[in-house]
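# Structural overview for review
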Amino acid sequence: MQVEILILDFGSQYTQLIARRLREEGVYSEIVPYYDGLKAATQKKPKGIIFSGGPASVYDKDAYRVDKKIYELGLPILGICYGMQLITVDFGGEVVRADHHEYGKAELFIDEPHKIFKDVSNPTIVWMSHSDRVEKLPNGFKRIAHTSNAPYAAIVNEEKEIYAIQFHPEVAHSVEGSKILRNFAREVCGVTSKWDMAHFAKEQIKKIKEQVGNDKVICALSGGVDSSVTAALLHEAIGDQLIPIFVDTGLLRKNEREEVEHAFKNVLHVPLITVDARDKFLSRLKGVTDPEEKRKIIGHTFIEVFEEEAKKHKDAKYLAQGTLYPDVIESVSVKGPSKTIKSHHNVGGLPEWMKFELIEPLRELFKDEVRKLGLELGLPEDLVYRHPFPGPGLAIRIMGEVNEKDLEILREADYILIQELKAWGLYNKVWQAFAVLLNVRSVGVMGDNRTYDNAVAIRCVSSTDGMTATFSHLPHEFLEKVATRIINEVNGINRVVYDISSKPPATIEWE
Ligand SMILES: Nc1ncnc2c1ncn2[C@@H]1O[C@H](COP(=O)(O)OP(=O)(O)OP(=O)(O)O)[C@@H](O)[C@H]1O
Ligand SMILES: O=c1[nH]c(=O)c2[nH+]cn([C@@H]3O[C@H](COP(=O)(O)O)[C@@H](O)[C@H]3O)c2[nH]1
Ligand SMILES: NC(=O)CC[C@H](N)C(=O)O
Ligand SMILES: [Mg+2]
């Protein structure tokens, strides 16, 4: 893939958004950590470079710096926030701590028409998030825009084509931010190519064919979006050389195995191998109540099942997995390692068992791009827009020990919730929705009799990436209908509650 714009990450929370905005404009871009900037720019030969924002202050002793040779490559550069401040000091200007911090919307007044402001209104609303500011202009630069708080909101060195802006064009609050980023790519850097999913699919298919030759590829397939799109792409490229393996863990939802098998065999015509490992998973989980212990047992059992299965396919040289761009970025980001809240298991993410070479065709894509690719490849919409479902499945939605009886109860309750969401046209409006079996008993009255039964929690959240989430504000009539149906139709449940916590401080799953 020809990288048109290279983004150097200085640790901003919004770095990924810069790449997304550019790609939405059809400009292919990639992110690298700032310290790899010069090397990547030399190798990837982009048409322009963007410096992201970042939490540090340029006058700090250990502030992130770039190799100054990057300014001599003759490529246009756009510095955003921290990126602007870094350019300022690198060219002999001065950055100081501002008297007051500036967070939020500001009116940007354009002082001089310029390529990056083509077709942008004057004034325009932009979004600021900084506590340092440019005090003295760097050499060779002049001001082209200001706000009431920031006298130097945009500056340029025309000779070197280096632009620097204090606001964040990548966030949605900057009303014409996408236009400014597009202008930088198209008007300043002269990017003319138009990147889209059809384009991407074609290139990947060609690449996979060349890489794999006549060998075989194993793909762990969950029926989720990421692994399904990976499998579909591979199947397009290498046909029957693909060995897709789906594990029935016994922790799946109602009809899930049948639906996944149906979609792959009859809709996509991919011959799927289903491994029935229900007994293995359930027997190992017997008597286990600790959430982390459950997750670890499931993760290990997955590897074991795959090891056994892989032995049967000696000629399989490759393993395909649905790694996405955020997974990649997280592992190379300049941010330090974060705390483990839960052991997220990802079958493919475990390299110990692998004599395999990896194939990760989605590693440059965001989730919504993967969905577009899925549609491009002809995957059915209900599969493409399926809610995420975690590898450990229903085991982390039953509080405490997992057993067949509780799994059955939870499957029925969950099924009713999903059925109703679809019936009310709400399924695609929430990011994820499911039922949780609480293992809390409470007293009820049904048909004049006392009941003492289990309770179910309904969890529906909106989110863009699963990292943060808020509970979905669903109509009360809908919730009432779901609760009534669950209590009436599922034996063993006499109470339904709605989870109204957000993430953070809660998480999406209960375990
Ligand atoms: N039941 C399963 N059988 C085989 N592989 C599985 C199973 N469950 C999970 N995996 C593997 O673990 C990976 C991680 O799961 P994850 O839920 O993150 O992705 P996904 O299921 O492909 O997509 P989604 O996020 O939409 O659920 C999957 O891509 C798949 O390779
Ligand atoms: O593949 C997965 N393996 C896991 O072990 C796992 N645990 C949580 N999830 C999913 O990740 C998102 C965030 O979940 P949490 O807020 O509960 O951490 C939500 O979408 C969860 O469903 C998992 N996915
Ligand atoms: N968002 C940013 O890039 C902030 C840059 C710098 N830390 C400041 O506060 O001004
Ligand atoms: Mg999944």
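No experiment lies behind these values; they were computed from the predicted model shown. (Residues numbered from 1 in each chain as written. Chains lettered and ligands numbered in written order. Predicted model: local features only at pLDDT ≥ 70, side-chain atom pairs only at ≥ 80, totals over all residues.)

Around ligand 3, the surrounding shell consists of Ser12, Gly53, Gly54, Pro55, Ala56, Ser57, Cys81, Tyr82, Ser129, His130, Ser131 and Asp132. In terms of residue count, the dominant contributor to the shell around ligand 3 is strand E6 (residues 124-136) (4 residues). Along the lines of polarity and charge, the residues of the shell around ligand 3 split into 4 nonpolar, 7 polar and 1 charged. (Near = placed C-beta within 6 Å. Helix = DSSP H or I, 4+ residues; strand = E, 2+ residues; numbered from the N terminus. Nonpolar A, V, L, I, M, F, W, Y, C, P; charged D, E, K, R; others polar.)

With that settled, consider unusual backbone geometry. Residue Asn122 is joined to Pro123 through a cis peptide bond whose omega torsion reads 0 degrees. The residue Pro123 is located in the loop between strand E5 (94-110) and E6 in this model. The omega torsion of the bond from Pro504 to Pro505 falls at 10 degrees, within 30 degrees of zero and hence cis. One non-glycine residue, Asp119, adopts positive backbone phi at about 65 degrees. Counting through the fold element by element, Asp119 comes out in the loop between E5 and E6. With 10 C-beta atoms counted inside 10 Å, the residue Asp119 sits in the exposed group. Here Asn255, not a glycine, exhibits a phi torsion of approximately 65 degrees, which is positive. Its place among the elements puts Asn255 in the loop between strand E11 (242-248) and helix H7 (256-267). Taking the number of C-beta atoms within 10 Å as the measure of exposure, Asn255 has 11 and is therefore exposed. (Buried ≥ 20, exposed ≤ 12 C-beta atoms within 10 Å, placed from the backbone.)

The strand order E2-E1-E3-E4-E9-E8-E7-E5-E6 describes an open sheet built from 9 strands, whose pairing is mixed. Either end of the sheet is taken by a strand with one partner, and the two such strands are strand E2 (29-33) and E6. Across the sheet, the axes of successive neighbouring strands diverge by a mean angle of 25 degrees, strand direction being ignored. In this sheet, strand E8 (residues 154-157) lies alongside strand E7 (residues 142-146) in antiparallel orientation, the contact comprising 3 bridges. Note that in E8 the partner of Ala145 across the bridge is Ala154. Of the strands in this sheet, strand E1 (5-9), E2 and strand E3 (48-51) are in contact with helix H1 (residues 15-24), which crosses E2 at around 165 degrees. (Pairing = 2+ DSSP bridges. Axes fitted to C-alpha atoms, helices over the stretch in contact; angles between N-to-C directions. Contact = placed C-beta atoms within 7 Å.)

Moving on: the nonpolar core. Ranked by size, the top nonpolar core spans 78 residues in total, and within it Val217, Cys219, Val229, Leu234, Ala413 and Val456 carry the most contacts. The greatest single-element share of this core, amounting to 8 residues, is contributed by helix H6 (residues 225-238). Val217 has contacts with Val212, Leu234, Ile238, Gln241, Leu242, Ile243, Ala316, Tyr318, Ala320 and Ile359, leaving out every residue within four places of it along the chain. Core analysis: the next-biggest nonpolar cluster, separate from the first, contains 63 residues, Val32, Val120, Ile162 and Ile165 among them. (Core = buried A, V, L, I, M, F, W, Y, C linked by C-beta atoms within 7 Å.)

This paragraph deals with the domain arrangement of the protein chain. By the assigned domains, the protein chain splits into domain 1 (5-188), domain 2 (197-384) and domain 3 (405-498). A straight line from the C-alpha centre of domain 2 to that of domain 3 covers 29 Å. When the residues that make up the side of domain 2 that touches domain 3 are grouped by side-chain class, the tally is 1 nonpolar, no polar and 3 charged. (Domains from an automatic or database assignment.)

Looking now at the environment of Phe200. Note on placement: Phe200 falls in helix H5 (residues 197-212). Taking the C-beta count within 10 Å as the criterion, Phe200 has 22 such neighbours and is therefore assigned buried.

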